[in-house]
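Remarks on the overall topology
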Amino acid sequence: MKNIRLAHDKDLKNIEKLLDEAFGPGRYARTAYRYREKHNLISEYSYIYQDNKQLLASISFSQIFINNKSEGLLLGPLAVKPGHVGKGYGVALVETTIKLIKKSKKYGFIVLVGDIDYYRRFNFKQISQPLNFVGPVNPDRVLILNLDKKMKLNKLEKIELT
């Protein structure tokens, strides 16, 4: 974890550059980005992976609610510098931040828009209920990690993310 640290304001320019490199300018049209336009990032869970002062990966979270009741976090963006994908930097950031979020006991779930093949290793699952989320999104790519044993996601008829 020596290469992982909390992101600081001085990192924002380099994080934006990394996001541009990883996702390109079309990232702003994505549903998750449209959501983030209206919701601030939670700075206590914004982390970077750095090696020899080079920013190699970053992760951020925003506040989100299920059915205007249960409070959770929207994971993303998670970005790894092109040329360094597959080296474990993203995995390390996800593992570190999930551990911190679980320890805080402030949030009932983490949700994201991503690939189940990647996020399954962290116990994320696809949402099976009808889903309402800002903008168009492939419901098969909306994944959730339940952090609250009392929250019975499978009992909900529908899920609205706000």
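Let me sum up the structure you'll find in this document. Quantities reported herein were computed from a predicted structural model and do not represent experimental measurements.

Side note on the overall build of the chain
- What the chain contains, in helices and strands, is 4 helices and 9 strands.
- The linear arrangement of helices and strands in the chain, starting from the amino end, is β-α-α-β-β-β-α-β-α-β-β-β-β.
- Relative to a compact globule of 162 residues, whose C-alpha radius of gyration would be 15 Å, the chain shows 15 Å and is just as compact.
- Seen through its C-alpha atoms, the chain measures out along the principal axes to roughly 50 × 35 × 30 Å.
- The buried share of the chain, taken over its 162 residues, is 45%.
- Considering only intrachain contacts with a sequence separation of at least 6, the fraction spanning at least 24 residues in the chain is 67%.
- As presented, the chain carries roughly 9,500 Å² of accessible surface, and 49% of it is formed by carbon and sulfur atoms.
- Treating the 28 positive side-chain charges of the chain as one cloud and the 16 negative ones as another, the clouds have centres 5 Å apart.

Concerning the pattern of salt bridges
- One pass over the full model with this rule turns up 5 salt bridges.
- For D115, the salt bridge is made with R141, and the minimal N-O distance between the two is 2.3 Å. Highlighted residues: D115 in the loop between strand 5 (109-113) and helix 4 (116-119) and R141 in the loop between strand 7 (131-132) and strand 8 (142-146), separated in sequence by 26 residues.
- Ionic pairing is found between R120 and D117, a salt bridge with its closest N-O pair at 3.4 Å.
- Residue D117 is classed as exposed on the basis of its relative accessible area of 63%.

Re the nonpolar core
- The biggest cluster of nonpolar side chains holds 29 residues, and the ones touching the most others in it are L75, Y119 and F124.
- At the level of elements, strand 2 (47-51), strand 3 (54-66), strand 4 (70-80), helix 3 (89-104), strand 5, helix 4 and strand 8 are the ones that each hand at least two residues to this core.
- Per-element tally for this core: the top contributor is helix 3, with 7 residues.
- Excluding residues within four positions of it along the chain, L75 makes contact with R36, I59, S60, F61, I110, V111, L112, Y119 and F124.
- If you look at the next biggest cluster of nonpolar residues, it comprises 14 residues, including Y35, I64, L153 and L161.

A few points about the sheet that holds strand 3
- Spatially, 1-2-3-4-5-8-6 is the arrangement adopted by the 7 strands of the open sheet, whose pairing is mixed. Of all the strands in the sheet, just strand 1 (4-6) and strand 6 (125-126) have a single pairing partner and so form its edges.
- Pairing analysis gives 2 bridges linking strand 6 to strand 8, with the strands arranged antiparallel. Each bridged residue has a counterpart across the sheet, and for Q126 the counterpart in strand 8 is L143.
- Packing against the sheet, helix 1 (residues 12-23) makes contact with strand 2, strand 3 and strand 4, and its axis sits at approximately 75° to strand 4.

Details of unusual backbone geometry
- With an omega of 0°, the peptide bond running from G76 to P77 counts as cis.
- Note on placement: P77 falls in strand 4.
- In this model, N67 sits at a positive phi of 50°, which is unusual for a non-glycine residue.
- Here N67 lies in the loop between strand 3 and strand 4.

Here we look at the environment of I59
- Mapped onto the elements of the fold, I59 is located in strand 3.
- I59 sits in the buried class, given a relative accessible area of 1%.
- Apart from the residues within four sequence positions on either side, I59 is in contact with Y45, S46, Y47, L75, P77, L78, L93, V94 and T97.

A look at the packing of aromatic side chains
- A complete count under the given rule lists 7 aromatic pairs for this structure.
- For the pair Y45 and Y107, a centre-to-centre distance of 6.2 Å together with 80° between the ring planes defines the contact as edge-to-face. Placement of Y45 in the loop between helix 2 (31-36) and strand 2 and of Y107 in the loop between helix 3 and strand 5 is noted, with a sequence separation of 62 residues between them.
- The exposure class of Y107 is buried, given its relative accessible area of 11%.

Some remarks on helix 3
- Under the 1.5 Å per step criterion, the end-to-end length of helix 3 is 23 Å for 16 residues, consistent within 8% with the ideal 22 Å.
- Restricting attention to buried positions, one finds in helix 3 the residues Y89, G90, V91, A92, L93, V94, T96, T97, I98 and I101.
- Positioned one or two residues after helix 3, K105 has a phi angle of 55°, which is positive.

Rules of the game
- Residues numbered from 1 in each chain as written.
- Predicted model: local features only at pLDDT ≥ 70, side-chain atom pairs only at ≥ 80, totals over all residues.
- Heavy atoms only, no water.
- Helix = DSSP H or I, 4+ residues; strand = E, 2+ residues; numbered from the N terminus.
- Rg over C-alpha atoms; globule rule 2.2 N^0.38 Å.
- Buried < 20%, exposed > 50% of the residue type's maximum accessible area, 1.4 Å probe, protein only.
- Contact = heavy atoms within 4.5 Å.
- Areas by Shrake-Rupley, 256 points an atom, 1.4 Å probe, with all protein chains shown as cover.
- Lys, Arg positive; Asp, Glu negative; His and termini not counted.
- Charge placed at Lys NZ, Arg CZ, Asp CG, Glu CD.
- Salt bridge = Lys/Arg side-chain N within 4 Å of Asp/Glu carboxyl O.
- Core = buried A, V, L, I, M, F, W, Y, C linked by side-chain atoms within 4.5 Å.
- Pairing = 2+ DSSP bridges.
- Axes fitted to C-alpha atoms, helices over the stretch in contact; angles between N-to-C directions.
- Phe/Tyr/Trp six-rings, centres within 6.5 Å; stacked < 30°, edge-to-face > 60°.
- Expected span 1.5 Å × (residues − 1).

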